[in-house]
Structure formats: C-alpha cells, structure tokens
Amino acid sequence: MRPPPTTWLYALAGTLACALGPAGGQAAGLQRKECMFLQKIEMDHKQCLQEAELENETAGCSKMWDNLTCWPATPRGQVVVLGCPLIFTLFSSSQGLNVSRSCTEEGWTHLEPGPYPVACGFDDKALSLNEQQQTLFYSSVKTGYTIGYSLSLAALLIAMAILSLFRKLHCTRNYIHMHLFMSFILRATAVFIKDLALFDSNSGESDHCSAGSVGCKAAVVLFQYCVMANFFWLLVEGLYLHTLLAISFFSERKYFWGYILIGWGVPSTFTMVWTIIRIHFEDDGCWDTINSSLWWIIKAPILTSILVNFILFICIIRILVQKLRPPDVGKSDSSPYSCRLSCEGNGTGTCRASWAQTPNTSTRRESATAPQAALRSPC
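Model, not experiment: these values are computed from the prediction. (Residues numbered from 1 in each chain as written. Predicted model: local features only at pLDDT ≥ 70, side-chain atom pairs only at ≥ 80, totals over all residues. Heavy atoms only, no water.)

(A) The arrangement of helix α8 (residues 296–324) in detail. For α8, with 29 residues, the first-to-last C-alpha span of 41 Å sits near the 42 Å given by 1.5 Å per residue. Each element contacted by the buried residues of α8 is listed here: α6 (214–246) and α7 (252–281). (Helix = DSSP H or I, 4+ residues; strand = E, 2+ residues; numbered from the N terminus. Expected span 1.5 Å × (residues − 1). Contact = heavy atoms within 4.5 Å.)

Quick look at the structure:
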C-alpha cells in the first residue's frame, strides 16, 4: 500500500500555523510545539529508514513509514496498534486515541478506523471553514494596506520632487522634511519587498520551523530598519520644532548633522544588534515572528521615541501659548501718546515736556506673533 503523500503533512502544518496566527503570545508557544513535533517526525523518519535498511527480509510486512508513523515489521495475520501522532494533540482535545494496521498477504492494510484526521479527532471541516474566513480577512487587510501604501508612495515622490526642484525651498527645515519623506518612502518600499519575500506563492518561505533564506531575512531586517527610522525622523521633527521655539540663536548646520545621526544612525544600531542576536539565538524561519522577547530590541526604541515626541508636543504647546499671550495685558493705558519729561542739566531747573506716540495694540500683536509667522514661512 502506498503511504499518504508528503504534501499532506505540510498542509497540516500550514493549517496549524494559519489557525494559530492571530493568537498572540499563546500562538508563540503552540508554534514552538508545532516545530518540536515536526522535528520529531523528521527524526523518526530517518530512524525508520535506517532500521528498515538494517533489517532482514521477513515473510510478513516489512517496516514502513507513512509520513507520520513508523510501522514495525510484522508477520502476516497480525494487527499492529499504535497511538496517534503527537502533533494531533494540538488540534484535538481527545486523548488516548489509537490507529491500527493489519498485515495481510497483500501487505499493509489501510489505516483503521480511518485516515489520521478521522481516527485522531481532527475536525477537518470546521478548521477548513475557519481557515477560509481567516484567509479572506487577511487578504482584505493586505489589499487595503497595499493600496494605501501605493497612494502614499506616489504623493511622497511628488512632494520630494517639488522640494528638490525649487531652490527657494532649500533650507534646513525642508531638508528635515525631505528626510522624513524619504523614511516614509523606504518604509512603503520595504513593505512591498517583505510581502514579495514572505507571501509570494513561489518563494516557499512559509515554513517557520526551518531556517529561511538569506534574501527573506534581509527583507525583514530592511523592513524593521525602515519602520524604526520612520519613527525616529518623526522624533527629529519634534526636536527641531522645539529647538526653533526654545532657543533664539543656534547653528542649524551643527544641529542638522545631529538630527541625521538620530534619524538614520540610531535605528541602524538597534537593527544591527537585533540581527546579530537573532542569528545566534533565534535563527528560525524568516524572522517575521514577533512573539519573542527579542522583539523588545526593536519595540523599546520605537516606544521611547513616541513618548519623547509626546513630551516635546506638550512643551511646544506651552511655549506657543506663552508667546501668543500679549505682554501688556494688565495695563489700561488708552492714550496713543505718552508724555516724556526731560530736565536740562544746566542748574536752572528748566524742564521740557515732549509727546511721543506709543506703539498701538496691532504693533504689539505683530511683535508677539513673529515666531508664528516664522513657523509659517517655507524656510
């Protein structure tokens, strides 16, 4: 009798990965169990083949591997009863289920009481319906963010062209804007590359248990770097705006190189540390799983940048409120003129009164709103 095809086992593992995908931290433990079971199946397969080569030919049924279980050599007329493979404990709550085969003159019989899914309590129909619903949902999400990233990429390319072509727009502020736009462009591009590496039907990178290809891992590393760089350039925008409001005079060129170091250098440092640690400790799959404690190497800097940006936002609001407040709120002088009394210092005691026009309210408001006018200017 021919054993079931090997693709059936891979379909089972793929179904398990899909079913456990959105379960968060619990899915991480179940995926590890899945990989352990698959590795054990592979080891049992090799051991079964080695023992079959060493065994002498028997009058009954020889040792057979059916892609899940190794059936021992058995004389004719006997029945072999074995427990269900352990991998089915992830699908079924039933315990202690067995499968059996009989050795006849024609060889091994079919599996009893039925195929593995039936005999081991695997509800194929319910899981298939759940898998179809999840596939439809994730396909819709993928289509939605692909359209969104495409429109964003087109708009960002137009904005970059405008800022690059017009020389009047070349200044430190717009240079920072251009770096932020570039981080968004790289992030969108990295998303497309990652999707091609992970979800392309011809890539074969859906196995989370074996080591993925170098190209697939490089795509994931590029994606993580671009996402972190995007958040850090948002932080740079907040730092620059706060510096512009809080410090009267500062060297924009000197600060600009510091901003570049923060925007591109800091993310590269954390990404390289994460890559090195993944190579030595968790070199599994394509590095696209985020249920590991090592994920904090990427997540912690991003959360820190968001927190610092929020604090800067509060400080910027406070500074703007102070600058918008008129300096002479408590005075009630309604006369547009002021009298100045000057006395001659020649000993005669003669004094002269002179009248001078004071700045009106609109003048004071213009001086108070000067920082806001500077913020609205293109450079």
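(B) Representation of the nonpolar core in the model. Ranked by size, the top nonpolar core spans 34 residues in total, and within it I176, W233, W264, W274 and I298 carry the most contacts. Where this core is concerned, the elements lending two or more residues are α5 (172–199), α6, α7 and α8. Take this core: its biggest share by element is 15 residues, from α6. Judged by nonpolar contacts, the second largest core, of 21 residues, contains C61, W71, W108 and Y116. (Core = buried A, V, L, I, M, F, W, Y, C linked by side-chain atoms within 4.5 Å. Buried < 20%, exposed > 50% of the residue type's maximum accessible area, 1.4 Å probe, protein only.)

(C) Broad picture of the sheet that holds strand β4 (residues 98–104). The 3 strands are arranged β3-β4-β5 in an open sheet whose pairing can be described as antiparallel. On the outer flanks of this sheet lie β3 (79–83) and β5 (107–108), each paired with one strand and no other. Strand direction decides the pairing type here: β3 and β4, joined by 5 bridges, are antiparallel. When the bridges of β4 are listed, V79 appears paired with S102. (Pairing = 2+ DSSP bridges.)

(D) A look at unusual backbone geometry. Residue E112 is joined to P113 through a cis peptide bond whose omega torsion reads 5°. With respect to the helices and strands, P113 occurs in the loop between β5 and α3 (116–119). In this structure, N67 is a non-glycine residue whose phi angle is positive, near 80°. Relative to the assigned elements, N67 resides in the loop between β1 (64–65) and β2 (70–71). With a relative accessible area of 13%, N67 lands in the buried category.

(E) Representation of the packing of α7 against α8 within the structure. Contact geometry for α7 and α8: axes closest at 9 Å, N-to-C directions at 160°. By the angle between their axes, α7 is roughly antiparallel relative to α8. Of the two elements, α7 crosses α8, and the hand of that crossing is right-handed. When α7 is examined against α8, the residues F270, T271, V273, W274 and I277 are found in contact with a partner set consisting of I297, I298 and P301. Residues belonging to the contact of α7 with α8 are distributed by class as follows: 7 nonpolar, 1 polar and no charged. (Axes fitted to C-alpha atoms, helices over the stretch in contact; angles between N-to-C directions. Parallel < 35°, antiparallel > 145°, perpendicular 65-115°, else oblique. Left-handed = near helix turned anticlockwise from the far one by under 90°. Nonpolar A, V, L, I, M, F, W, Y, C, P; charged D, E, K, R; others polar.)

(F) The arrangement of the packing of aromatic side chains in detail. Inspection of the entire model under this criterion finds 9 aromatic pairs. Their ring planes at 85° and their centres at 6.2 Å tell us that Y145 and Y149 sit as a pair that is edge-to-face. Of the two residues, Y145 and Y149 both sit in helix α4 (residues 124–165), 4 residues apart, roughly one turn of that helix. You can call Y145 partly exposed: its relative accessible area is 27%. Judged by relative accessible area, which is 23%, Y149 ranks as partly exposed. Ring geometry for Y240 and Y259: centres 6.1 Å apart, planes at 85°, overall edge-to-face. In this pair, Y240 sits in helix α6 while Y259 sits in helix α7, placing the two residues 19 residues apart along the sequence. Since its relative accessible area comes to 4%, Y259 is described here as buried. (Phe/Tyr/Trp six-rings, centres within 6.5 Å; stacked < 30°, edge-to-face > 60°.)

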